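Chains, contacts and geometry: an overview
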Amino acid sequence: MGEYVDRVARRDGDAGLAAAAARQRDWLLTGAPRAADGTLYHLLGGREVWADTVFMVVPPLAAAGHGEAALAQLAGHRARLRRPDGLWRARWDDAAGAPSDGRAWGTGNGWVAAALARAVSLLPDAGLAAEARAHLDACLAHRRPDGSFGHVLDDAAAPPDTAVAAMLAWAALTGVREGWLPRGYADVGRSLLAHVVAALDVLGRVTGAAAAPRFDRPGHSPEAQAWLLLADAQARALAAAATSSATSAAQPQERVTPAPPCP
């Protein structure tokens, strides 16, 4: 939440929020437990590197102006977690020098996709657009015929997880809106979003996500709900931009009458 706390602090001139955001940045930059190469561990008291951390660390550092630190975290996580097939492992045990969970956890890859999509505009000179697209494509290759994604992407027996579709929808729609993905990905994003909307219950909650707090069974999660809202906002913004563009194109061009010569 550091990026948003900092934004509100600057908007409102709130010294308390500004101090909280600074403490968060200092924790990420120097205070949090980390490997010898600086890559952050996900939990206190452990030496595991998680895919989730990519979203929790890379965009906030980039937004705060620490681009080199953001890219260093991305590189450290990538080196440990990205598999040859383009998907990312869930967790790496630095003490053992091996994966502690080598599965392509669906939402773990969703966090990576969202982090890369968020970082493209924050770090425009880092060349992240191609990596973001490649990772999104690696995930989309495992979409099931019914439109869902498994809790583990490449495990046909894994239960579906709607949060994955919501996260990838946001990444795809963000890429189209920002111009680093081809327009065809807008249809992909809208299709993913429609799949999540179809899973809403009568209270508007996303069903079929890995349930909080242990994420070990289907149910509801605040993460799935948040990504639905974020993806929907991007879809609405794209639709509004298309409508505005079409309206402008349809407007008759005003004829300019030359001014009469001066007497």
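The numbering scheme is per chain: residues are counted from 1 as the chain's sequence reads. Local features are withheld for residues below a pLDDT of 70 in this predicted model, meaning they are given only at 70 or higher, and side-chain atom pairs are given and counted only at 80 or more; totals for whole chains, interfaces and linings count all residues. Values shown for side chains rest on all heavy atoms present in the structure; no hydrogens or waters enter the calculation.

Okay, the confidence of the model for the protein chain next. The share of residues in the protein chain with pLDDT of 70 or more is 93%, and the mean pLDDT across the chain is 92. One number per residue, pLDDT, summarises how confident the predictor is, and it ranges from 0 to 100. The contact definition used throughout considers only heavy atoms, calling two residues in contact when any of these lie within 4.5 Å. Here residues 256-263 is modelled with pLDDT under 50, and outside its nearest four sequence neighbours on either side it reaches zero contacts, counting other chains as well.

On to the nonpolar core, then. Ranked by internal contacts, the top residues of the largest apolar core, which has 65 residues, are Phe 149, Leu 168 and Trp 227. Working definition: helices are DSSP H or I runs of at least four residues, strands are E runs of at least two. Numbering for both runs from the N terminus. Taken together, the elements giving at least two residues each to this core come down to helix 3 (53-63), helix 4 (67-81), helix 5 (106-122), helix 6 (128-140), helix 7 (162-178), helix 8 (184-197) and helix 9 (222-250). Counting residues per element, this core draws most heavily on helix 7, which supplies 12 residues. Once residues within four sequence positions are removed from consideration, Leu 168 is found in contact with Gly 110, Ala 113, Leu 136, Cys 139, Phe 149 and Leu 192. Definition of nonpolar core: a set of buried residues of the types Ala, Val, Leu, Ile, Met, Phe, Trp, Tyr and Cys, connected through side-chain atoms within 4.5 Å. A simple rule labels every residue: compare its accessible area, found with a 1.4 Å probe on the protein chains alone, to the largest value its type can have, and call it buried under 20%, exposed over 50%, or partly exposed in between.

Glancing now at the packing of helix 3 against helix 4. Where helices are involved, their axes are fitted lines through C-alpha atoms of the stretch in contact, as for all axes, and angles between N-to-C directions lie from 0 to 180°. One way to put it is that helix 3 packs onto helix 4 with a least axis distance of 7 Å and a crossing angle of 160 degrees. One way to sum up the angle between helix 3 and helix 4 is to call them roughly antiparallel. Helix 3 and helix 4 meet at a crossing whose hand is left-handed. Between helix 3 and helix 4, the contacting residues are Thr 53, Val 54, Val 57, Val 58, Leu 61 and Ala 62 on the first element and Gly 67, Ala 69, Ala 70, Gln 73, Leu 74 and His 77 on the second. Residues that form the contact of helix 3 with helix 4 fall into these classes: eight nonpolar, four polar and no charged. Oblique is the label for every angle not falling under 35 degrees (roughly parallel), over 145 degrees (roughly antiparallel), or within 65 to 115 degrees (roughly perpendicular). For a crossing to be left-handed, the near helix must be turned anticlockwise from the far one by less than a right angle; the clockwise case is right-handed. The nonpolar class holds Ala, Val, Leu, Ile, Met, Phe, Trp, Tyr, Cys and Pro. Asp, Glu, Lys and Arg form the charged class, and all remaining residues, Gly among them, are polar.

Here we come to the packing of aromatic side chains. Two rings belonging to Phe, Tyr or Trp (six-membered ring only in the last case) form a pair when the distance between their centres is within 6.5 Å. Interplanar angles under 30 degrees mark stacking, angles over 60 mark edge-to-face geometry, and anything in between is tilted. By the definition in use, this model includes four aromatic pairs. With a centroid separation of 5.5 Å and an interplanar angle of 75 degrees, the aromatic rings of Phe 55 and Trp 227 are classed as edge-to-face. Of this pair, Phe 55 sits in helix 3 while Trp 227 sits in helix 9, and the two are 172 residues apart along the sequence. The buried category is assigned to Trp 227, whose relative accessible area is 4%.

Turning our attention to the sheet that holds strand 1 (residues 48-50). Any two strands with at least two DSSP bridges between them are considered paired. The three strands lie next to each other as 1-2-3, forming an open sheet whose pairing is antiparallel. Here the strands that pair on one side only, and so sit at the sheet edges, are strand 1 and strand 3 (98-101). Within this sheet the neighbouring strands show an average axis-to-axis angle of 35 degrees, counted without direction. Note: strand 1 against strand 2 (residues 91-93), three bridges, orientation antiparallel. Looking at strand 2, one finds that Trp 50 is bridged to Arg 91.

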